[in-house]
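# Summary of the model geometry
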Amino acid sequence: MKGPWTVEILARNGEVLHRHRAASLPIRVGRAYDNDFILDDEYAAAHHALIEQGPDGALVMRDLGTRNGLNIGRKRVKELTLGGDTVVRMGHTSLRVRAADFPVPAELRDRTMHGWEGLLPGVVGVLLAGLVALFVTWLLDAEPFELLNYVLAPGAGIGAALLWSSLWAFLNRLFGRYTRLGRHLFIFGCGVAALVGFRLLAAVIAYAWSLEWLTRYGSHVAVATVAGIIYFHLATIKPSLRRRLRAICAAAAVLGSGLVLIVNQQQHGRLADELYMSVLLPPELRASPDATVAEYIADVEAMRAELEEEREVQPAAGGGN
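In this report, the structure presented in the accompanying data block is examined.

## Examining unusual backbone geometry
Across the junction of Leu25 and Pro26, the peptide omega takes the value 0 degrees, indicating a cis bond. Tracing the backbone through its elements, the reader meets Pro26 in the loop between β2 (16–22) and β3 (27–30). The phi angle at Ser210 is positive, at roughly 60 degrees, despite the residue not being glycine. Structurally, the position occupied by Ser210 is in the loop between α3 (181–209) and α4 (213–216). Residue classification places Ser210 among the partly exposed positions, given a relative accessible area of 37%.

This is the structure we're talking about:
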């Protein structure tokens, strides 16, 4: 290990909070002002530790008889050999020491997409959340018009966007270097717009072309969309782990869809979300030809045959008991 040496104070997530370069050994560490590295920590002693070179040339840190000592994890030690990745806690401060020849990894490829963060994406995300809430209120409003409802709806949408995105921004700052609130707001706004947009588009397409499976199994698309929203939030925090995060979120989406199928089966006795398509739209949107009377009667006869068969089987099962 070759000097000069750099003493680094670390946060809980491993981020470097402060660096100090020492040109020579030994390095005295503590709260007193005559130390080479001064700790602003009331749980550290005035002269807490001494860093010097051992007989074999390695760095050694020694406790100077302090009350709280030196700690590696939960283990307290009096003396230890320092490697470049050794993290020592003294008081409430975690630090490590690295020599000038300590190898650093190559730079990461920047996949941050800086154009999708900041004020403009954040404003777009807030507007999308407010407009989606206003649109949903208008669709579901069957009562006489009240202005207050259309004032509170976008406010609630914007409040939800700020609350959700602030949580992710806090996690971004905790596990990353920046908050990126604008990006998280944009992800939330686009996510809720995609959820509502698919719901409406699926209803129109299902009604127009008699594709009832779009509404019967639409909840699985919602589960996949939510998993996608969470993925983009996580990828904003840790862009270097995108491949792993994709696999985790995909597995979570599959698990969520499986739970939806199980709940539907237990509650309704079927895997679909609904027994029939519940959304009715103007007849002008119908693109699929309507069924003829003969086809309708044939379907009724087939249904009646199934019901009669079930009726014959049930008494036999009851008599056997």
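Following the structure, the description resumes.
## Some points on a positive patch on the surface
On the surface, a cluster of positive charge is contributed by Arg109, Arg111, Arg243 and Arg246. Within the element layout of this structure, Arg111 appears in the loop between β11 (93–99) and α1 (119–140).

## Description of the packing of aromatic side chains
Enumeration over the complete set of coordinates arrives at five aromatic pairs. When the ring of Trp164 is compared with that of Trp168, the centres are 6.1 Å apart and the planes differ by 55 degrees; the resulting orientation is tilted. Of this pair, Trp164 and Trp168 both sit in helix α2 (residues 147–175), four residues apart, roughly one helical turn. Of the aromatic side chains, those joined through ring pairs into one cluster are Trp164, Trp168 and Phe188.

## Things to note about the pattern of salt bridges
Following the criterion strictly, the structure yields twelve salt bridges and no others. Residue Arg19 pairs with Glu8 through a salt bridge whose shortest N-O separation is 2.7 Å. With Arg19 in strand β2 and Glu8 in strand β1 (residues 5–10), the pair connects residues that are eleven residues apart, well separated along the chain. On the basis of relative accessibility, which here comes to 52%, the residue Arg19 falls in the exposed class. One salt bridge connects Lys78 with Asp63, and the closest N-O pair in it is separated by 3.5 Å. Here Asp63 lies in strand β6 (residues 59–63) and Lys78 lies in the loop between β8 (75–77) and β9 (79–82), a separation of 15 residues in the sequence. By relative accessible area, which is 53% here, Lys78 ends up exposed.

## Brief notes about the side chain of Thr66
Mapped onto the fold, Thr66 is located in the loop between β6 and β7 (70–72). Looking at Thr66, its side chain comes within polar contact range of the side chain of Asp63, at 2.7 Å. Discounting chain neighbours no more than four positions away, the residues touching Thr66 are Ala45, His47, His48 and Arg76.

## Focus: the packing of helix α5 (residues 218–237) against helix α6 (residues 242–268)
α6 packs onto α5 with a crossing angle of 155 degrees between their chain directions and a minimal axis gap of 9 Å. If you check the angle between α5 and α6, you find them roughly antiparallel. Two packed elements cross with a definite hand, and for α5 against α6 that hand is right-handed. In contact with Ser219, His220, Val223, Ala224, Ala227, Ile230, Tyr231, Leu234 and Ala235 of α5, α6 contributes Arg242, Leu245, Arg246, Cys249, Ala253, Gly256, Ser257, Val260 and Leu261. Grouping the constituent residues of the contact of α5 with α6 by class yields twelve nonpolar, four polar and two charged.

## Here we look at the environment of Gln265
Relative to the elements of secondary structure, Gln265 occurs in helix α6. Of the residues examined, Gln265 reaches a relative accessible area of 39% and is grouped as partly exposed. For the pair Gln265 and Gly118, spaced 147 residues apart in sequence, the C-alpha separation works out to 45 Å. Excluding residues within four positions of it along the chain, Gln265 makes contact with Arg270 and Leu271.

## Comments concerning α1
With 22 residues, α1 extends 32 Å between its outermost C-alpha atoms, agreeing within 8% with the 32 Å of an ideal straight helix rising 1.5 Å per residue. Here α1 has its buried residues at Pro121, Gly122, Gly125, Val126, Ala129, Gly130, Val132 and Ala133. Lining the buried residues of α1 we find α2 and α3.

Scoring rules and cut-offs
- Residues numbered from 1 in each chain as written.
- Predicted model: local features only at pLDDT ≥ 70, side-chain atom pairs only at ≥ 80, totals over all residues.
- Heavy atoms only, no water.
- Helix = DSSP H or I, 4+ residues; strand = E, 2+ residues; numbered from the N terminus.
- Buried < 20%, exposed > 50% of the residue type's maximum accessible area, 1.4 Å probe, protein only.
- Patch = residues over 30% accessible without salt bridge, like charges linked within 9 Å, V, L, I, M, F, W, Y side chains within 5 Å.
- Areas by Shrake-Rupley, 256 points an atom, 1.4 Å probe, with all protein chains shown as cover.
- Salt bridge = Lys/Arg side-chain N within 4 Å of Asp/Glu carboxyl O.
- Lys, Arg positive; Asp, Glu negative; His and termini not counted.
- Charge placed at Lys NZ, Arg CZ, Asp CG, Glu CD.
- Phe/Tyr/Trp six-rings, centres within 6.5 Å; stacked < 30°, edge-to-face > 60°.
- Polar contact = N/O pair within 3.5 Å; in protein donor to acceptor, adjacent residues only side chain to side chain.
- Contact = heavy atoms within 4.5 Å.
- Axes fitted to C-alpha atoms, helices over the stretch in contact; angles between N-to-C directions.
- Parallel < 35°, antiparallel > 145°, perpendicular 65-115°, else oblique.
- Left-handed = near helix turned anticlockwise from the far one by under 90°.
- Nonpolar A, V, L, I, M, F, W, Y, C, P; charged D, E, K, R; others polar.
- Expected span 1.5 Å × (residues − 1).

Interpretation in functional terms is not warranted from these geometric data alone.
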